[in-house]
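Listed below, chain by chain, are the residues.
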Amino acid sequence: MAVPKVWVPEWNDWCPGCGNFGIINAEQQAISELGLTPEDTVIVSGIGCSGKTPHFFRLPISGVHTLHGRALTFAIGIKLSNPELTVIVNGGDGDQLGIGAGHFVNAGRRNVDITVILHDNGVYGLTKGQASPTLRRGEKTKSLPRPNINDNVNPIALAISSGYTFVARSYAYDVKHLKETIKAAVKHRGLSLIDVLQPCPTYNDIHTKEYFDKRVYKLDTDPSWDPVVKKPEEEGDKMAKALVKSLEWGERIPIGIFYKNELVPTYEERLVSSAPSYKERNPSKVKIEVDGKLT
Ligand code: SF4
């Protein structure tokens with residue numbers, strides 16, 4: 001099929017050094033290496049600096065810039081209207097874990113087969129750097145008049161306990177690691193979260209490139225680390241280990257896959273088994289479970 005004519009952006013107004021550049025580069029490389037096309041891929045964003053991601057793509061791609069905190073709801077609607085699409089959400093920690101927290105949690109209960117890329121920088125960058133949900137208590141960025149008095153949300157722990165079946169962390173300045181993590185998340189059957197450590201050099205002078213470069217290490221360098229649930233009876237143990245690992249933050253910060261479980265049916269599969277007419281209306285788009293096997 002011929003590639004359609006698309007608008008290619010001539011400009012980008014993210015600040016110099018912003019971690020968003022690493023994220024969009026890794027995302028484009030992942031999409032390209034996966035062989036995804038504009039006809040089968042949709043990038044969905046909310047409000048914030050990360051909301052501009054679909055605008056700044058240089059690949060021919062379909063994109064939707066939606067409302068504050070509501071990117072997940074749009075993404076789920078898009079996926080359910082055409083389950084063959086690959087749907088990727090881009091949202092900041094303020095967008096997804098502040099105003100969008102209810103949607104973030106309840107998406108986990110459904111396990112829709114989409115990927116969420118969390119641009120996690122600890123501040124509301126678009127509105128001058130107020131503390132956002134992942135900024136830790138006691139931290140004072142240059143944009144705050146005094147240290148933050150609120151505790152932070154742990155995106156990895158929240159996603160695991162909400163039902164996300166692929167939960168990982170990566171780092172915006174390690175584009176290769178992030179690209180491979182995005183590819184693994186997109187290939188995963190079920191709801192994926194990638195918490196991306198994303199420096200905001202304009203407003204967050206604590207979580208800088210220098211801060212993360214010293215601390216970040218890869219989980220897969222530990223040969224004993226195995227986040228994949230292979231049998232139902234392993235689920236509790238793997239989940240508990242991932243939750244404990246998600247608390248590690250300080251001199252060392254782990255990146256990589258914390259938890260992966262493809263034994264849980266997706267929302268699309270649950271719909272089919274609970275409403276056979278959906279299968280009848282979309283015979284080529286959905287799978288159905290027969291005797292415990294997907295056909
Ligand atoms: Fe990036 Fe921060 Fe600038 Fe927003 S304000 S574009 S997050 S550096």
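Note: the structure precedes this text.
Residues numbered from 1 in each chain as written. Predicted model: local features only at pLDDT ≥ 70, side-chain atom pairs only at ≥ 80, totals over all residues. Heavy atoms only, no water.

1. Some words on the overall build of the protein chain
For the protein chain, the helix and strand inventory stands at 11 helices and 13 strands. Expected size for 295 residues packed as a compact globule is a radius of gyration near 19 Å; at 19 Å, the protein chain falls within 12% of this value. Put simply, the protein chain has 295 residues, and 49% of those count as buried. When contacts within the protein chain are restricted to residue pairs at least 6 apart in sequence, those whose partners lie at least 24 apart make up 72%. With an accessible surface of roughly 13600 Å², the protein chain has 56% of that area assigned to carbon and sulfur atoms. Charged side chains in the protein chain number 36 positive and 34 negative. The centres of these two groups are separated by 2 Å. (Helix = DSSP H or I, 4+ residues; strand = E, 2+ residues; numbered from the N terminus. Rg over C-alpha atoms; globule rule 2.2 N^0.38 Å. Buried < 20%, exposed > 50% of the residue type's maximum accessible area, 1.4 Å probe, protein only. Contact = heavy atoms within 4.5 Å. Areas by Shrake-Rupley, 256 points an atom, 1.4 Å probe, with all protein chains shown as cover. Lys, Arg positive; Asp, Glu negative; His and termini not counted. Charge placed at Lys NZ, Arg CZ, Asp CG, Glu CD.)

2. With respect to the nonpolar core
Ranked by internal contacts, the top residues of the largest apolar core, which has 31 residues, are Val 44, Leu 72, Val 89, Ile 114, Tyr 164, Val 167 and Leu 193. Within the residue set of this core, elements represented by two or more residues are strand E1 (41–45), helix H3 (71–81), strand E3 (86–92), helix H5 (101–110), strand E4 (115–120), helix H6 (155–162) and strand E11 (253–261). For this core, the leading source of residues is H3, giving 5 residues. By size, the runner-up hydrophobic cluster in this structure holds 23 residues, among which are Phe 166, Ala 172, Leu 178 and Ile 194. (Core = buried A, V, L, I, M, F, W, Y, C linked by side-chain atoms within 4.5 Å.)

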